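# Secondary and tertiary structure notes
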Amino acid sequence: MAGQRPFNPGVSLAGAVDLEALKHQVKAEPGQAGGAPAAGGYVIDTTENTFQAMVQTSATFPILLLLWVPTDDRLFDMARQLGDAVNQLNGQIQLSRIDIASNSSIAQAFQVQGAPALFALINGRPMPILQGLPSAEEMQQIVDTVIPNLVAAAQQAGVTGSAPYSGDPDSDAANSAAGAQEQVPPEHQEAYMLAQQGDYTGAAAAYEKVLEADPNDARAARERAKALLLARSANANVREVRAAAADNPDDVEAQLAVADIDMIGGQIQDAFDRLLDFVAAGHKADIEPVRKRLLEYFTIPEPTDERLKRARRRLATLMY
């Protein structure tokens, strides 16, 4: 691991900004001209509301955590180099970026006093890598040695899954999506706020009301499915769920639970195949709960996703 060094705080968790930080503050959003590099590919932005789900996925694939402030241009090069290094590994590891100015409770949980800080997360266990701005030599060490070693350590621990791919961070579509992210339709506001507060059960119920008014609202259907998924399984113990599914191959509830874990971890094909294979293996009596769960899952990917098309066809075949 790279050496530990004292923090250059920049932005304190109490909200006080030092003069040096003010000189480096930019107003451009990530992905915009003059702003920080955008998320995308195998790089995600995590908040207090999505943190627990992200931690759970570290039992599926290793995660590199960057605690930063996305308006401080001193951190842009570090974020860009980390993102490039992670994206080159094609899902063997994910970079999760956390804005500690907006998500102070996460910074407090990691006992950091400022940005940047770099951690690894494997099977829910955090490992410190670096505190403070890295030198050029330290950054090269992280890219060339530390990240590959994290992937190897994860594989030795049985964490061998692939992180979900979220598109080209430099594409016009990705930038447009980032800009539109907070443009929530008025009728979705209540459900959106409940989800942001971590009340996924309440969010699902609120999105259900939206769908009652407009059954063709694809966005509400997708967000309802995601809320139901997180309400059921965001806090599940991944190892216990997978062990239960392996020990009880004929138990539909055990298979549904592990399919949820696959979906949260971005393993969409695995979730589809698990449930479809379960029915095909002689469990036609359980097709109704499987069908209902799959129809819920089917609203999450893009309608043009080939995995979705194949799963729909196979489900139809199994039902008749």
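Given the structure is predicted, the values throughout are model-derived calculations rather than measurements.

What counts, and where the lines are drawn
- In every chain, residue numbers begin from 1 and rise along the written sequence.
- The model is predicted, so local features are restricted to residues of pLDDT at least 70 and side-chain atom pairs to those at 80 or more, both for listing and for counting; the totals for chains, interfaces and linings are taken over all residues.
- Water and hydrogen atoms were dropped before computing side-chain values, which therefore reflect all heavy atoms in the structure.
- In this description a helix means any DSSP run of H or I spanning at least four residues, a strand means any run of E spanning at least two, and both kinds are numbered starting from the N terminus.
- Under the convention used throughout, the expected extent of a helix is 1.5 Å for every residue step, that is, one less than its residue count.
- Residue contacts are counted whenever heavy atoms from the two residues lie within 4.5 Å of one another.
- Two aromatic rings from Phe, Tyr or Trp, using only the six-membered ring of Trp, form a pair when their centres are within 6.5 Å; if the ring planes differ by under 30 degrees the pair is stacked, by over 60 it is edge-to-face, and anything between is tilted.
- Think of it in three bands: residues with accessible area under 20% of the maximum for their type are buried, residues over 50% are exposed, and the middle band is partly exposed, with areas taken using a 1.4 Å probe on protein chains only.

### Quick notes on helix H3 (residues 76-87)
- With 12 residues, H3 ought to run about 16 Å at 1.5 Å a step, and its terminal C-alpha atoms sit 16 Å apart, in line with that.
- Lining the buried residues of H3 we find strand S1 (43-46), strand S2 (63-68), strand S3 (94-99), strand S4 (117-122), strand S5 (125-131) and helix H5 (136-156).

### Thoughts on the packing of aromatic side chains
- In this structure the tally under the stated criterion is three aromatic pairs.
- For the ring pair Phe-51 and Phe-110, a centre distance of 6.1 Å and an interplane angle of 90° mean the geometry is edge-to-face. Placement of Phe-51 in helix H2 (residues 51-57) and of Phe-110 in the loop between helix H4 (104-109) and S4 is noted, with a sequence separation of 59 residues between them. With respect to burial, Phe-51 and Phe-110 carry one shared label: buried.
- The interplanar angle of 90° and the centroid separation of 5.2 Å between the aromatic rings of Phe-272 and Phe-298 together place this pair among those described as edge-to-face. Here Phe-272, found in helix H12 (residues 268-280), pairs with Phe-298, found in helix H13 (residues 287-298); they are 26 residues apart in sequence, far enough to count as distant.
- What makes Phe-272 buried here is its relative accessible area of 0%.
- What makes Phe-298 buried here is its relative accessible area of 3%.

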